[in-house]
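Each chain, letter by letter, is given below.
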Amino acid sequence: VEVAPGAVHLPGWLPVARQRELVAACREWARGPVPMRHTRLPTGGVMSVRTVCLGWHWQPYRYSRTADDVNGAPVAALPDWLAELGRRAVADAYQDLSAREYDPDAALINFYDRDAKMGMHQDREERCPAPVVSLSIGDTCVFRFGNTATRNRPWRDVRLLSGDAFVFGGPSRFAYHGVPKIHPDTGDPATGMRGGRLNLTLRQTGLGS
Ligand code: MD5
Ligand code: FE
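Described in the following lines is the structure provided in the data block. As the structure is a prediction and not an experimental result, all values here were calculated from the model.

### Points about the packing of helix α1 (residues 16–31) against helix α2 (residues 80–94)
Taken N-terminus to C-terminus, the directions of α1 and α2 make an angle of 140°; their axes are 13 Å apart at the nearest point. Taken together, the axes of α1 and α2 are oblique relative to one another. Along this stretch, α1 crosses α2, giving a crossing that reads as left-handed. In this structure, α1 uses Arg-18, Leu-22, Ala-25 and Trp-29 to contact α2, whose residues at the interface are Trp-81, Leu-82, Leu-85 and Arg-88.

Here it is, written out as structure tokens:
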């Protein structure tokens with residue numbers, strides 16, 4: 001379902017068995033080498049979501065190889081199977097050959113408890129226009145898809161359910177977006193999630209080695 005040019009929602013894209021594997025993998029990545037934690041903002045606040053990164057470590061507002069805002073440890077590698085999953089999502093979204101060139105080198109994994117939110121923002125730390133692939137597991141959320149000019153209206157609110165994939169490319173890559181609400185206790189326990197929402201995003205940073 002093309003929500004806007006280049007923004008494609010793939011409802012129910014991940015089989016439950018694959019969601020289970022991702023949940024188990026995220027549990028391991030959340031333990032370290034850099035623990036999943038609330039990212040600290042330069043303003044002194046902390047984000048309500050908890051995040052762990054693979055490939056490149058994101059901090060506001062740059063990427064690094066070591067988590068110098070957490071414990072200084074080198075970030076864990078992005079496994080090839082996860083990059084390949086992202087390539088398959090891009091291929092299914094666009095149904096052309098452009099996915100062959102998609103080579104994500106970073107994943108941000110966000111955990112939302114029932115009260116967590118993400119304010120309207122753009123993802124602009126990447127030096128590359130390649131798409132972002134988003135995978136949702138657990139509780140349903142309201143995803144707010146905005147415009148490229150301002151963080152304000154017009155926007156569209158889309159419900160993202162467990163198993164949904166979303167590909168943001170082309171003119172939508174640098175649109176403002178956020179997560180204003182989690183619908184508690186709407187996830188499928190068969191995924192292994194016990195409350196809350198997990199979101200994995202795959203990105204191509206353009207930062208090289
Ligand atoms: C989430 N995460 O559901 C979202 C999914 C983040 C973040 O926003 O920065 O970790 S990624 C949504 C996204 C990425 C790039 C572009 C657009 C949306 N977009 O144009 O709407 O936790
Ligand atoms: Fe974002």
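### Here we look at the coordination of the iron ion (ligand 2)
Those donors, His-121 (NE2), Asp-123 (OD), Asp-123 (OD) and His-177 (NE2), are the protein atoms that reach the iron ion (ligand 2), and they lie 2.1 to 2.7 Å from it. Its six donor atoms give the iron ion (ligand 2) angles of 51 to 173° at the centre, a pattern that matches the irregular case. Binding-site remark: the iron ion (ligand 2) is held by donors from one chain whose sequence spacing is H-x1-D-x53-H. One end of the pair, His-121, is in strand β8 (residues 118–121); the other, His-177, is in strand β13 (residues 177–182), with 56 residues separating them in the sequence.

### Topic: the site of ligand 1
As a matter of local geometry, ligand 1 sits amid 19 residues, with Asn-110, Tyr-112, Ser-172, His-177 and Arg-197 nearest to it. The side chain of Tyr-112 places a nitrogen or oxygen atom 2.5 Å from an oxygen atom of ligand 1. Arg-203 is positioned such that a nitrogen or oxygen atom in its side chain is 3.2 Å from an oxygen atom of ligand 1. For ligand 1, whose unbound accessible area comes to 510 Å², protein coverage reaches 97%. When contributions to the shell around ligand 1 are tallied by element, the ones reaching two or more residues are β7 (106–112), β8, β9 (132–138), β10 (141–145), β13 and β14 (197–203). With four residues, the single largest contributor to the shell around ligand 1 is β14. Of the residues belonging to the shell around ligand 1, the class tally is eight nonpolar, seven polar and four charged.

### Describing the sheet that holds β9
Taken in spatial order, the eight strands make up an open sheet running β1-β2-β12-β9-β14-β7-β4-β3, and their pairing is antiparallel. Looking at the sheet topology across the chains shown, the edges are occupied by β1 (2–4) and β3 (37–40). On average, each strand axis in the sheet is tilted by 30° relative to the strand beside it, whichever way the strands run. Across seven bridges, the pairing between β7 and β14 is antiparallel. When the bridges of β14 are listed, Tyr-112 appears paired with Arg-197. The strands touched by α1 are β4 (46–54), β7, β9 and β14; relative to β9, the strand with the most contacts, the crossing angle is about 95°.

### Points about the pattern of salt bridges
As enumerated under the stated definition, the model contains 11 salt bridges in all. Between Arg-18 and Glu-21 there is a salt bridge, with its nearest N and O atoms 3.4 Å apart. With Arg-18 and Glu-21 both in helix α1, this residue pair falls three residues apart, about one helical turn. According to the relative accessible area criterion, Arg-18 is partly exposed, its value standing at 23%. Between Arg-31 and Glu-28 there is a salt bridge, with its nearest N and O atoms 3.8 Å apart. With Arg-31 and Glu-28 both in helix α1 and three residues apart, the pair spans about one turn of that helix.

About the cut-offs
Residues numbered from 1 in each chain as written. Chains lettered and ligands numbered in written order. Predicted model: local features only at pLDDT ≥ 70, side-chain atom pairs only at ≥ 80, totals over all residues. Heavy atoms only, no water. Axes fitted to C-alpha atoms, helices over the stretch in contact; angles between N-to-C directions. Helix = DSSP H or I, 4+ residues; strand = E, 2+ residues; numbered from the N terminus. Parallel < 35°, antiparallel > 145°, perpendicular 65-115°, else oblique. Left-handed = near helix turned anticlockwise from the far one by under 90°. Contact = heavy atoms within 4.5 Å. Donors = N, O, S within 2.8 Å, 3.2 Å for Na, K, Ca; no water. Tetrahedral: all angles 85-135°; square planar, octahedral: opposite > 155°, others 65-115°. Near = heavy atom within 4 Å. Polar contact = N/O pair within 3.5 Å; in protein donor to acceptor, adjacent residues only side chain to side chain. Areas by Shrake-Rupley, 256 points an atom, 1.4 Å probe, with all protein chains shown as cover. Nonpolar A, V, L, I, M, F, W, Y, C, P; charged D, E, K, R; others polar. Pairing = 2+ DSSP bridges. Salt bridge = Lys/Arg side-chain N within 4 Å of Asp/Glu carboxyl O. Buried < 20%, exposed > 50% of the residue type's maximum accessible area, 1.4 Å probe, protein only.

Everything listed is a geometric property; what it means functionally is a separate question.
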